[in-house]
Amino acid sequence: MSSTLLAWIAVGILWSVSIAQLLPVTQGVYEDHSYRAGALRTTSSPKIFASRGLATRLIWEETQVNASPAAGRLVNIGLSLIVAALVGLLAWRLGLPAWVAVGTVLIHPLMVETLAMLSGHGELIAAIGVLIACVSATVPSVWLSVTGVLLGVSIGLTGKESAIVGFALAPLIAWTQR
């Protein structure tokens, strides 16, 4: 077996152990109750392209099907895997070892904490948008790069306003690649 494959296996095991601690918890954490209560008060589906629209819409959809907090955690796990894949792609495009980047992101305490709460939806969506913008900045075509950055930051803003940082990060990454 190659050392890279062993490293990927080790990352997978470490991530699985940290995630396994979250799934058995059936009640929400302190913050989940206010998010779910706000979503239950909303009578119509939230607008996706409003401020934090996609994050709010996901929580609203979960409350409409009366999903448990564990369902919100599963959504966060799926979003975190998308973040990890985009981090790996960005690392690869920058010539860095992808397994190190992905492993660091997946087992970092901030990522694991984000998975535990419904409010993590917004942070993860914002991260996805910023990473799309950063990966797009590595594309050689200027038009595709600019379009990808605008699309990525727009997606990120549907999660949380902090995704605006993508407009600063993407040019820095593009500058290092030219």
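Residues numbered from 1 in each chain as written. Predicted model: local features only at pLDDT ≥ 70, side-chain atom pairs only at ≥ 80, totals over all residues. Heavy atoms only, no water.

Student: Before we go on, may I ask you to explain helix 7 (residues 120-136) in this structure?
Tutor: The α-helix advances 3.6 residues per turn, and as a result positions three or four apart in sequence lie on the same side. In this model helix 7 runs 24 Å from its N-terminal to its C-terminal C-alpha over 17 residues, within 8% of the 24 Å that 1.5 Å per residue would give. The buried count for helix 7 comes to 14 of 17 residues, which makes it a mostly enclosed element. (Helix = DSSP H or I, 4+ residues; strand = E, 2+ residues; numbered from the N terminus. Expected span 1.5 Å × (residues − 1). Buried < 20%, exposed > 50% of the residue type's maximum accessible area, 1.4 Å probe, protein only.)

Student: Sorry, what's going on with the environment of L89 here?
Tutor: Within the secondary structure, L89 sits in helix 4 (residues 69-93). Linking L89 and I132, residues 43 residues apart in sequence, is a C-alpha distance of 9.7 Å.

Student: Is there a simple way to think about helix 8 (residues 142-157) in this case?
Tutor: Between its first and last C-alpha, helix 8 extends 22 Å over 16 residues, near the 22 Å set by a 1.5 Å rise per residue. Of the surrounding elements, those touching the buried residues of helix 8 are helix 7 and helix 9 (166-177). (Contact = heavy atoms within 4.5 Å.)

Student: Which parts of the structure should I look at to understand the pattern of salt bridges?
Tutor: Pairing between side chains becomes possible if they bear opposite charge and their charged atoms approach one another. A complete count under the given rule lists one salt bridge for this structure. With a shortest N-O distance of 2.9 Å, E123 and K160 are connected by a salt bridge. With E123 in helix 7 and K160 in the loop between helix 8 and helix 9, this pair connects stretches of sequence that are 37 residues apart. Judged by its relative accessible area of 32%, E123 is partly exposed. (Salt bridge = Lys/Arg side-chain N within 4 Å of Asp/Glu carboxyl O.)

Student: Could you clarify how one ought to interpret a nonpolar patch on the surface in this entry?
Tutor: Taken together, the side chains of L5, L6, I9, I13 and V17 make up a nonpolar region of the molecular surface, amounting to roughly 430 Å² of accessible area. Summarising the element assignment, I9 is placed in helix 1 (residues 3-20). (Patch = residues over 30% accessible without salt bridge, like charges linked within 9 Å, V, L, I, M, F, W, Y side chains within 5 Å. Areas by Shrake-Rupley, 256 points an atom, 1.4 Å probe, with all protein chains shown as cover.)

Student: Is there a simple way to think about the nonpolar core in this case?
Tutor: Within soluble globular proteins, side chains that are nonpolar tend to cluster in buried spots. Formed by 25 residues in total, the largest nonpolar core has its most connected members in V83, L90, L131, A137 and V149. Where this core is concerned, the elements lending two or more residues are helix 4, helix 7, helix 8 and helix 9. Considering each element in turn, this core owes the most residues, nine residues, to helix 7. Aside from chain neighbours lying at most four places away, what touches L131 is V83, L86, V87 and L90. V11, W15, V102 and L106 belong to the second largest nonpolar core, which has six residues in total. (Core = buried A, V, L, I, M, F, W, Y, C linked by side-chain atoms within 4.5 Å.)

Spatial relationships are all this shows, so hold off on functional conclusions.
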